[in-house]
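# Observations on the model geometry
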Amino acid sequence: MVDLSKYFTEDKVTYAAQKIALYNFDESKSAEFINEMMVPIRNAYISDKKIDKIAKRYKRSRAEIIGKRLPYTTSITSGDFGEILTFYLAQQTFAPNATITPMKWRLKDDKSKASPKTDIMLFYVPDINVPSTDDTLYSIEVKTMASHPYGKKCSILEAVSGADNDRTSRAAETIVYLLTRLEDKMAPLELYNGVKRFEKPYYDTCKKVFNAVAVVEKGYLAKHIAHIPSDMLTKYSGIDIYCLPIKQLGKIYKKIYKQIPTQA
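To start, this report covers the structure provided alongside it. Being a predicted model, the structure only gives us computed values, none of them experimental. Once a new chain begins, its residue numbering starts again from 1 and follows that chain's sequence as written. Under the rules for a predicted model, residues below a pLDDT of 70 receive no local features and side-chain atom pairs below 80 are neither given nor counted, while totals for whole chains, interfaces and linings still include all residues. Side-chain descriptors were evaluated using all non-hydrogen atoms of the structure, hydrogens and water having been removed beforehand.

Our focus in this paragraph is a positive patch on the surface. Residues form patches when they are more than 30% accessible in relative terms and have no salt bridge. Like charges link within 9 Å. Nonpolar side chains (Val, Leu, Ile, Met, Phe, Trp, Tyr) link within 5 Å. For every accessible area listed, the method is Shrake-Rupley and the probe measures 1.4 Å; residues are considered covered only by the protein chains on display. Here, a salt bridge means any Lys or Arg side-chain nitrogen found within 4 Å of an Asp or Glu carboxyl oxygen. All tallies of charge rest on Lys and Arg as positive and Asp and Glu as negative; His and the ends of each chain are not included. Charged side chains are reduced to one point each, which is NZ for Lys, CZ for Arg, CG for Asp and CD for Glu. Together, Lys 49, Lys 50, Lys 53, Arg 57, Arg 106 and Lys 185 give the surface a local cluster of positive charge. Here Arg 57 lies in helix H2 (residues 48-58). Helix and strand definitions follow DSSP, with helices as H or I runs of at least four residues and strands as E runs of at least two, each counted in order from the N terminus.

Further remarks concern the pattern of salt bridges. Any two side chains of opposite charge can pair, given that their charged atoms come close. In this structure the tally under the stated criterion is 22 salt bridges. In this structure, the salt-bridge partner of Lys 218 is Glu 27, at a minimum N-O distance of 3.2 Å. On the criterion of sequence distance, the pair formed by Lys 218 in the loop between strand S5 (207-217) and helix H8 (221-226) and Glu 27 in the loop between strand S2 (20-25) and helix H1 (30-45) is long-range, its members being 191 residues apart. Across the pair Asp 204 and Lys 200 runs a salt bridge whose closest N-O atoms are separated by 2.6 Å. Within the structure, one salt-bridge network assembled from shared partners comprises Arg 42, Asp 48, Asp 52 and Arg 62.

Relative to the assigned elements, Glu 83 resides in helix H4 (residues 74-92). Notably, Glu 83 is buried but unbridged: the nearest opposite-charge side chain belongs to Lys 104, and the N-O separation is 6.0 Å. The contact criterion used throughout is that any non-hydrogen atoms of two residues lie within 4.5 Å. Sequence-distant contacts of Glu 83, defined by excluding residues within four places in its chain, comprise Trp 105, Asp 119, Ile 120 and Val 142. Throughout this description, buried means an accessible area under 20% of the type-specific maximum (1.4 Å probe, protein chains only), exposed means over 50%, and partly exposed covers the range between.

Most often, soluble globular proteins keep nonpolar side chains buried together rather than apart. Of all hydrophobic cores here, the largest spans 49 residues; its most connected members are Leu 4, Phe 8, Phe 33, Phe 81 and Ile 256. Setting aside its immediate chain neighbours within four residues, Phe 8 contacts Tyr 23, Asn 24, Phe 25, Phe 33, Leu 85, Leu 244 and Ile 246. Put simply, buried Ala, Val, Leu, Ile, Met, Phe, Trp, Tyr and Cys residues joined by side-chain atoms within 4.5 Å make one nonpolar core.

A few words now on the packing of helix H5 (residues 155-184) against helix H6 (residues 189-196). Note on geometry: axes are C-alpha line fits, over the in-contact stretch for helices, and angles between N-to-C directions span 0 to 180 degrees. Put simply, H5 and H6 touch, their axes get as near as 10 Å, and they point 160° apart. As summarised for this structure, H5 and H6 are arranged roughly antiparallel, according to the angle between their axes. Of the two elements, H5 crosses H6, and the hand of that crossing is left-handed. On the side of H5, the interface is formed by Ile 175, Leu 178, Leu 179, Leu 182 and Glu 183, while H6 contributes Leu 191, Tyr 192, Val 195 and Lys 196. Three classes are used, and their members are as follows: Ala, Val, Leu, Ile, Met, Phe, Trp, Tyr, Cys and Pro are nonpolar, Asp, Glu, Lys and Arg are charged, and the others, Gly among them, are polar. Class assignment for the residues of the contact of H5 with H6 results in seven nonpolar, no polar and two charged. Should an angle fall under 35 degrees it is called roughly parallel, over 145 degrees roughly antiparallel, and 65 to 115 degrees roughly perpendicular, with every other angle called oblique. Take the far helix as your reference; a near helix turned counterclockwise from it by less than a right angle gives a left-handed crossing, and one turned clockwise gives a right-handed crossing.

Our next topic: the environment of Pro 96. Relative to the elements of secondary structure, Pro 96 occurs in the loop between H4 and strand S3 (120-124). When the C-alpha positions of Pro 96 and Leu 122 are compared, they lie 9.9 Å apart, and in sequence the two are 26 residues distant. Beyond its immediate chain neighbours, meaning those up to four positions away, Pro 96 contacts Ala 90 and Gln 91.

Moving on to the packing of aromatic side chains. Centre-to-centre distance and the angle between the planes together describe a pair of aromatic rings. Stacked, edge-to-face and tilted labels apply to pairs of Phe, Tyr and Trp rings (six-membered ring for Trp) whose centres lie within 6.5 Å, assigned for plane angles under 30 degrees, over 60, and everything in between, in that order. As enumerated under the stated definition, the model contains 12 aromatic pairs in all. Ring centres of Phe 87 and Tyr 88 lie 5.2 Å apart, and the angle between their planes is 75°; on these two criteria the pair is classed as edge-to-face. For the residue pair Phe 87 and Tyr 88, the accessibility class agrees, reading buried in each case. Members of the aromatic cluster, joined through ring pairs, are Tyr 7, Phe 8, Phe 25 and Phe 33. Over the ring of Tyr 203 we find Lys 208, and its NZ or CZ is 4.7 Å from the ring centre. Should the NZ of a Lys or the CZ of an Arg lie within 6 Å of a ring centre and within 35 degrees of the ring normal, that charge is described as sitting over the ring.

Written out as structure tokens, the structure is:
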């Protein structure tokens, strides 16, 4: 896994009043970041082992196999990039103890659509065989926006509202979705059983942490902050909020996705 601490620095001070933790991106390392993220993002869609297996059986090039599994519309590329970046960053920052980490992007059948249900789910399961009071479900809603937030649009608010939807009903629905897709993919038993533990009724009593993450163009961060309604924190209390402002966000994720097949 790429060491994201080289590129992102936590800042809990600047927007402490809004209870937002920033992860500021070191724009001087953009080129290095693009180069290092290509393989991790590729692996979020398909493993190297599966690429090799398909290439051997069907006599196809790795580049072709990889390219067919990547999204091909800007809106889906943008959303997937923000989710996958958050997936890796969360495991190194606000969910560092996660032991069960399903990659939802491998489970979707239609690359022209976003992965359904809760964007990211991570699980802490200290003992795969024995339920524990320490078992924890991390639910993460991610909103990515590289363009100008016209009107009152606010990716931070949208992420928080989505996280509230997760804790109300969608996270529980996502457990069912994950298990069905893992069965369809004949996933490893440890991964499947780790998720299965959190089925209802256990879901109702286990530890749950709900997170909202906004990945936005750095130049528009102030506008997103200005568009936060005054009642957001009271209306959606109990949700942890994070923001990743990245300069030239659109150019960065487009370069990464364009080059991924060439790094086969």
